[in-house]
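Close look at the chain arrangement
Residues per chain, in single letters:
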Amino acid sequence: GGVESHGMSRPIRRTASLTLALAGAVSLAGCADAEPGRTPDRHNPRPVVLSGSASSPEQLILGELYLQTLPAQEREVILDLKSETEERTRLERLREGDADLVIGCTGMYLSNLDPLRAVDLSAEIEAGDVEDPADTTYREYLGALSGGFTSPDPSSAQGCADIVAREQMPDLPQSIVPTYNRELFDREEQKAITDVTRFLTTDELATLIEDAREKSSASSVVEAWLPS
C-alpha cells in the first residue's frame, strides 16, 4: 500500500480493502506502515487498533477522526475495518482483544450489554419520566460496561441509525462515543479523544460524510476538519 502524508511524520496504518465504499466512491490508502527511522515510544510499544465497520460511511469518518487524532500524540494507530457480516458486536471485539478502541452509540451499546434495561429505559423516556434522556442513557451504558473499559463523555452527535434499525433496537438516544481499554491511553491522549468526541455534531458528521463522497477521500476531508 501507499503512505498518506499528513504534513508530519504520523504513524498511521490502514488495513482494509483498498476501495472501501462511501456509496461506492471513497477509497482508503491501505497498509501504510510506520515511516522507517521512527523510534517506537517505549511507553506505548504496541500500535492501537481502531476497529470499525467497513460498510458504514459513518464508521469510516469516525474511524478517520480518531486515527488522525492519536498520532499527533505520537501513538502508532491501525484502522481495521471489518465486514458487517461478522456476528460479534463491537464490544465483543474489544473484550476479546481484537480491537483497542471501537466507536458506537450509547443506546446501541446499552442494548448490546443489557437489552432488558434498554427496553425499560426507552419506555421511561417515552413516558416522560427521564429528565435528561441522553445523559441517563450514557450513564446506564457505563454502568453496564465491564470494569476494564471506559468511554469519555459522549458527543452530541447522534449516529448508528443503520445498525439500530437493522437490529430493531429500542428507541433511545444514540450519542456517538468511543470505548476503549482503561489502561490504553495516557492523560494527554485521553484529552485528545475527549475533545474530538465533544466537538462533533450531527450536522458536521453528515457534512463530513457528504464531502467524503464528493472527494472520494475520507482521510483528506477529516484532515481538513480537524484543528491543525
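Residues numbered from 1 in each chain as written. Predicted model: local features only at pLDDT ≥ 70, side-chain atom pairs only at ≥ 80, totals over all residues. Heavy atoms only, no water.

In this structure the tally under the stated criterion is one disulfide. Across a sulfur-sulfur distance of 2.1 Å, Cys105 and Cys160 are joined as a disulfide pair. Disulfide Cys105-Cys160: the torsion about the S-S bond is 85°, which places it as right-handed. Pair noted here: Cys105 is in strand 4 (residues 101-105) and Cys160 is in the loop between strand 5 (149-150) and helix 6 (161-166), with a separation of 55 residues, a long-range link. By relative accessible area, Cys105 is classed as buried at 1%. Since its relative accessible area comes to 2%, Cys160 is described here as buried. (Disulfide = S-S within 2.5 Å. Helix = DSSP H or I, 4+ residues; strand = E, 2+ residues; numbered from the N terminus. Buried < 20%, exposed > 50% of the residue type's maximum accessible area, 1.4 Å probe, protein only.)

Quick look at the nonpolar core now. In this structure, Leu50, Ile61, Met108, Tyr141 and Phe185 are the most contacted members of the largest nonpolar core, which totals 51 residues. With six residues, helix 1 (residues 57-69) is the single largest residue contributor to this core. Dropping the residues within four chain positions of it, Ile61 is found in contact with Leu205, Leu208, Ile209, Ala212, Ala218 and Val222. (Core = buried A, V, L, I, M, F, W, Y, C linked by side-chain atoms within 4.5 Å. Contact = heavy atoms within 4.5 Å.)

This part takes up the pairing of strand 2 (residues 48-53). Most of strand 2 is tucked away, with six of its six residues classed as buried. The two faces of strand 2 match: Val48, Leu50 and Gly52 on one face and Val49, Ser51 and Ser53 on the other face are all buried. Relative to strand 3 (residues 77-82), strand 2 runs parallel, the two sharing six bridges. Counted as the bridge partner of Ser53 is Lys82 from strand 3. Chirality of the crossover, the property in question, places the unit of strand 2, helix 1 and strand 3 among those that are right-handed. Of the pairings in the sheet, the one linking strand 2 to strand 4 comprises two bridges and is parallel in character. Across the sheet, residue Ser51 finds its bridge partner in strand 4, namely Val102. (Pairing = 2+ DSSP bridges. Right-handed = clockwise from strand over helix to strand, strands pointing away.)

The subject of this paragraph is unusual backbone geometry. The backbone phi angle of Cys160 is positive, close to 65°, even though this residue is not glycine. Positive phi is not limited to glycine here, since Ser216 has a value of about 55°. Mapped onto the secondary structure, Ser216 falls in the loop between helix 8 (202-215) and helix 9 (218-225).

Confidence in the prediction for the chain averages 82 pLDDT; 79% of positions are at 70 or higher. The model gives residues 1-10 a pLDDT under 50, and that stretch makes 24 contacts with residues more than four places away or in other chains. Every residue in residues 16-42 is under pLDDT 50, and counting partners more than four places away or in other chains gives 61 contacts. (pLDDT = per-residue confidence, 0-100.)

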